[in-house]
Amino acid sequence: MRLKKIKLSSFISKEWLSHFGKTLKYSLYVIFHPFDGFWDLTHEKRGSVGAANFLVFLFLMLNILKLQFTSFLVRNINLNRINMWVEIASVIAPILLWCVSNWSFTTLMDGKGRLKEVYMGTAYALTPMIIIGYPNMILSNFLTIEEITFYTFFDTLGMIWFVALVLAAMMMIHDYSLTKTVFSSILTIVGMAVIVFILVVFFSLISDGIAYFVSIYQEIQFRFY
Amino acid sequence: MRKIKKFGSLLAATAIAVSGIFSFPSAAVYADDASTTYSYTYDIWGDVQSSPDAYRATKHISGDMFEFEDAEGKTVAKNFVEPQGQFIRGNHIFVCDTGNNRIVEIAYDGKEYKGVRQITEFTDKNGEALTLNKPYDIYVTENYEMIISDYGNERVLHVDKDCNVIKIMTTPAVTPFNDPVDARVFQPQKLIMDTAGRIYVQAEKINKGLLEFDTRGEFTQYVGASPVKFNMVDYIWRFFMTEKQIEAQPRFVPTEYNNVAIDSEGFMYVTMSVYDDNDFLTANPVRRLNSTGSDILVRNGNDPPCGDLKWDNAGGYNGPSRFYDVVTFDNNSYCTIDQTRGRIFAYDFQGNLLYAFGGIGNRLGYFRKPVAIDRMGDSLFVLDGQYSNITVFELTEFGTLINKALREYQNADYDKSAEYWNDVLRLNGNYDLAYIGVGRALLRQDKFAEAMEYFKAKRDRRNYSKAFEQYRKEQIEDHIGDFVKALIVILVGIWLIKKVRKIQKEVRECD
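Residues numbered from 1 in each chain as written. Chains lettered and ligands numbered in written order. Predicted model: local features only at pLDDT ≥ 70, side-chain atom pairs only at ≥ 80, totals over all residues. Heavy atoms only, no water.

**Here we look at the overall build of chain A**
Across its full length, chain A carries nine helices and zero strands. Taken from N to C terminus, the helices and strands of chain A fall in the order α-α-α-α-α-α-α-α-α. The globule rule puts the C-alpha radius of gyration for 225 residues at 17 Å, and the 23 Å found for chain A is more than 25% above it. If you line up chain A on its principal axes, its C-alpha atoms span 70 × 60 × 50 Å. With 225 residues in all, chain A has 37% of them scored as buried. Within chain A, contacts between residues separated by at least 24 positions form 79% of all contacts whose residues are at least 6 apart in sequence. With the model as given, the accessible surface of chain A reaches about 14300 Å², and the carbon-plus-sulfur share is 72%. Charge separation in chain A, taken as the distance between the mean sites of 17 positive and 13 negative side-chain charges, equals 14 Å. (Helix = DSSP H or I, 4+ residues; strand = E, 2+ residues; numbered from the N terminus. Rg over C-alpha atoms; globule rule 2.2 N^0.38 Å. Buried < 20%, exposed > 50% of the residue type's maximum accessible area, 1.4 Å probe, protein only. Contact = heavy atoms within 4.5 Å. Areas by Shrake-Rupley, 256 points an atom, 1.4 Å probe, with all protein chains shown as cover. Lys, Arg positive; Asp, Glu negative; His and termini not counted. Charge placed at Lys NZ, Arg CZ, Asp CG, Glu CD.)

This is the structure in structure tokens:
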């Protein structure tokens, strides 16, 4: 049997790669020029879902690597009790919930953005957390207990930057005013809670339903067996 | 062939591993059949780590081992009936046989326990005889004067060696004893005497602290009332309540103590057991009081000294540990006794849990309702109020090593201490304090990298940080020359490249 030599280019075209590179590099522009940046991100198609996925992946990797490689002076974690799936879910789930919840509310509130665009905006806003997070993780291993303030400072800086960028992104993508953005963001967070609640209710309902049929089956089985 | 070889080596490795497992328990730990391994500690994550025994139960002492003459002159050996208190002075054990209204003095001569006398009667200054009614606790001074809390007769007796009354402390004329509406009965339970001859009494249902009596037997003051704890939510609710509703609410009152002990430095240790199940970490059930009555117990351990951190509903024994007595050692360690699960918890002077052992059961080394713990030298004597006997615990090699290591540490001989900690590690590889002790010695010997390893293993953040700071400094000092050299090379390199570029440019322009 003759095996074809598999080339990377047969999966990923050169054009796609250069577009991906360009859109990924655009995230660096966005974080310093949020208003222009997020406007052009969707309206001028200077961002891509591929780059957004990659940013989310980098953020996920950061959160996983932090478990192992942050100094225990900063985060004292019992690695024996870490469940990797829970850790992954705790990063991915809030991002997806935010996007879905935000899109659900903004479609009712004259938001111009589509789900894809909301996702892209949120993912691009993660950039400062990624850029600060990786060096900060390494830095933490060179700090004594008194110097942890530096770590906390950079960590908080990244967070604040992220929140500001998300707000800017929502403003530009939905073409909102600042007050409307803040209002819709609060609603979004409430919506996230509602979605989680419904999921939990749904889950318990389904499991109760299954248990019901299982017990019926068992009753019948006991009778005839 | 290669496969067989591989299999062979695997087999050999397994054999070594297995033999390692079976040969590991060193002969010193399991030297006798009586040894059990029901001791444990909590690690940094709050998980139970089983440990070799630091104390081993060796003997039961019960009341019927001792014969005394009764009132009719007959020799009888009576069992204890619900004994509540004991005290050990020298090699004499004084047991308050509460149910039989007597005090039994037992002497230990190094081999055997012998009954010395039973005390039922005292002669007061007028030559009249006084008897006991439910004696609850006893304190014996160095010249064998006895202070007895005569619970049923609502008084505290101070008598000399030959049972002649020196003074009697009766109901003090203060609240809540002289309350015209709801006068409380003076029911003294546990007591101690300090070095100045003042007597401190813990009385039933009194939450103002301990009653202090001066050398003349006069009541002077309450000492060391437990601070009142507020519940914020309840406090806010009170603003919206009527007077009647507030009256119906439980009041914010300080909790009452249930026992008192005195340590070698003259500080009082008190225990208390009335607190909400969920507050066990903040309730401070064992306290060390100074002369003004404030709590000065050191709580530098991973968790405060509160007994068990985790439990499940095992046979109905649920909830946090409830301490009922405490005994102190000369090195400021102390043991507390818990009635929930019948366990003894030993803490060092910093509040680290050294070991915990015991349980509810009917074997040697288990209790039903431990009420008092005292020590004779290093041996522990635990009085059980329902089995009505005393269990004797003796220190094992493991416990001795821990005590030695702690003593050297307190004498600031860290290297010697580390030697003992290494011996402890040989017997128990899960003993967190030993790792930190060894790390501390390494730190003092300027072996920073090794010290860091030891501290990191047991997540001692503060010490790790100290070692790391030194290590970092050392590394920077060692390599600063290399840094400077590298920097110079880079700078010269950049300068050279620029120079070359410039020349190239000039050459090009010339062309």
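There is more to say, and it comes next.
**Quick word on the nonpolar core**
All names here are of chain B. One finds Phe122, Ile138, Met146 and Leu211 to be the most contacted residues of the largest nonpolar core, which totals 60 residues. When residues of this core are assigned to their parent elements, the largest contribution, four residues, is made by strand S17 (residues 199-203). Setting aside residues up to four positions removed in sequence, Met146 forms contacts with Phe94, Arg117, Ile119, Ile138, Tyr139, Val140, Leu157, His158, Val159, Asp160, Lys161 and Cys163. (Core = buried A, V, L, I, M, F, W, Y, C linked by side-chain atoms within 4.5 Å.)

**Remarks on the sheet that holds strand S6 (residues 85-89) of chain B**
All names here are of chain B. With respect to topology, four strands assemble into an open sheet ordered S6-S7-S8-S9, the strand pairing being antiparallel. Two strands lie at the open edges of the sheet, namely S6 and strand S9 (113-119), each paired on one side alone. Direction aside, the axes of adjacent strands within the sheet are offset by 20 degrees on average. One ladder, built from six bridges, connects strand S8 (residues 102-108) with S9; its direction is antiparallel. Bridging from a neighbouring strand, Ala107 pairs with Lys114 of S9. (Pairing = 2+ DSSP bridges. Axes fitted to C-alpha atoms, helices over the stretch in contact; angles between N-to-C directions.)

**Digging into the interface of chain B and chain A**
On the side of chain A, 14 residues touch chain B, which itself brings 14 residues to the contact. Of the roughly 1300 Å² buried at the junction of chain B and chain A (both faces included), carbon and sulfur atoms supply 53%. Three residues stand out in chain B for area buried against chain A, namely B:Trp45, B:Arg459 and B:Arg461, and they jointly supply 44% of the buried area on that side. For the interface between chain B and chain A, the tally reads two salt bridges. Note that A:Glu147 is salt-bridged to B:Arg472, the shortest N-O span being 2.8 Å. Where chain B packs against chain A, one counts seven residue pairs in polar contact (both at pLDDT 80 or more). (Buried area = accessible area lost by both parts, 1.4 Å probe. Salt bridge = Lys/Arg side-chain N within 4 Å of Asp/Glu carboxyl O. Polar contact = N/O pair within 3.5 Å; in protein donor to acceptor, adjacent residues only side chain to side chain.)

**Thoughts on the sheet that holds strand S13 (residues 146-150) of chain B**
Strand-to-strand pairing in sheets goes through backbone hydrogen bonds, with the strands running parallel or antiparallel. All names here are of chain B. Taken together, four strands build an open sheet; the order of strands is S12-S13-S14-S15 and the sheet is antiparallel. The strands lining the two open edges of the sheet, one partner per strand, are strand S12 (135-140) and strand S15 (165-169). The sheet shows a mean angle of 15 degrees between the axes of neighbouring strands, direction not considered. Relative to S15, strand S14 (residues 155-159) runs antiparallel, the two being bridged by four bridges. Within S15, the residue paired with His158 across the bridge is Lys167.

**Considerations on the packing of helix H2 (residues 14-32) of chain A against helix H4 (residues 49-69) of chain A**
Residues and elements named next belong to chain A. The N-to-C vectors of H2 and H4 enclose an angle of 55 degrees; their axes lie 8 Å apart at closest approach. Put simply, H2 runs oblique to H4. Seen along the crossing, H2 lies across H4 with a hand that is right-handed. On H4, the residues touching Phe20, Thr23, Leu24 and Ser27 of H2 are Gly50, Ala51, Phe54 and Leu55. The class makeup of the residues in the contact of H2 with H4 is five nonpolar, three polar and no charged. (Parallel < 35°, antiparallel > 145°, perpendicular 65-115°, else oblique. Left-handed = near helix turned anticlockwise from the far one by under 90°. Nonpolar A, V, L, I, M, F, W, Y, C, P; charged D, E, K, R; others polar.)

**Considering the domain arrangement of chain B**
All names here are of chain B. Here chain B is partitioned into domain 1 (48-394) and domain 2 (396-511). For domain 1 versus domain 2, the separation of C-alpha centres amounts to 49 Å. Counting residues at the interface gives 19 residues for domain 1, matched by 13 residues for domain 2. A buried area of about 1300 Å², summed over both sides, lies between domain 1 and domain 2, and 56% of it is on carbon and sulfur atoms. (Domains from an automatic or database assignment.)

**Details of a nonpolar patch on the surface**
Among the surface-exposed residues, A:Leu178, A:Val182, A:Ile186, A:Val190, A:Val194, A:Phe197, A:Ile198 and A:Val201 lie close enough to one another that they form a single nonpolar patch of about 700 Å² accessible area. Turning to its location among the elements, A:Ile186 is positioned in helix H9 (residues 178-224). (Patch = residues over 30% accessible without salt bridge, like charges linked within 9 Å, V, L, I, M, F, W, Y side chains within 5 Å.)

**Some words on the confidence of the model for chain B**
When pLDDT is low, close inspection of the predicted coordinates is not appropriate. Residues and elements named next belong to chain B. Confidence along chain B averages 86 in pLDDT terms, with 91% of residues attaining 70 or more. Within chain B, the lowest mean pLDDT, 46, falls on helix H1 (residues 2-23), and the highest, 95, falls on strand S25 (residues 343-347). Of the regions scoring below 50 in pLDDT, residues 1-6 engages in zero contacts with residues more than four places distant in sequence or in other chains. Contacts of residues 10-35 to residues separated by more than four positions or lying in other chains number 13 contacts, the stretch itself having pLDDT below 50. Here the prediction assigns the complex a pTM of 0.81, and the interface score ipTM is 0.79. (pLDDT = per-residue confidence, 0-100.)

**Some words on the packing of helix H6 (residues 115-125) of chain A against helix H8 (residues 148-174) of chain A**
Residue and element names in this part refer to chain A. Following both chains from N to C, one finds H6 and H8 inclined at 155 degrees, their axes separated by 8 Å at the closest point. Relative to H8, the element H6 lies roughly antiparallel. Every pair of crossing elements has a handedness; the one defined by H6 and H8 is right-handed. On H8, the residues touching Glu117, Val118, Gly121, Thr122 and Ala125 of H6 are Phe162, Leu165, Val166, Ala169, Met170, Ile173 and His174. Looking at the contact of H6 with H8, its residues break down into eight nonpolar, three polar and one charged.

**Here we look at the packing of aromatic side chains**
All names here are of chain B. Under the counting rule described, the total for this entry stands at 36 aromatic pairs over all chains. Between Tyr38 and Phe357, the aromatic rings sit 6.4 Å apart at their centres with planes inclined by 55 degrees, giving tilted as the arrangement. With Tyr38 in the loop between H1 and strand S1 (39-42) and Phe357 in strand S26 (residues 353-358), this residue pair connects regions lying 319 residues apart in the sequence. On the accessibility criterion, Phe357 (0% relative accessible area) is buried. Ring plane angle 70 degrees and centroid distance 5.0 Å describe the contact between Phe280 and Trp311, whose orientation is recorded as edge-to-face. (Phe/Tyr/Trp six-rings, centres within 6.5 Å; stacked < 30°, edge-to-face > 60°.)

**Re unusual backbone geometry**
In the segment running from B:Thr175 into B:Pro176, the intervening peptide bond is cis, with an omega of -5 degrees. Tracing the backbone through its elements, the reader meets B:Pro176 in the loop between S15 and strand S16 (188-193). The backbone of A:Asp175 shows a phi angle near 60 degrees, a positive value even though the residue is not glycine. Position of A:Asp175 relative to the elements: it lies in the loop between H8 and H9.

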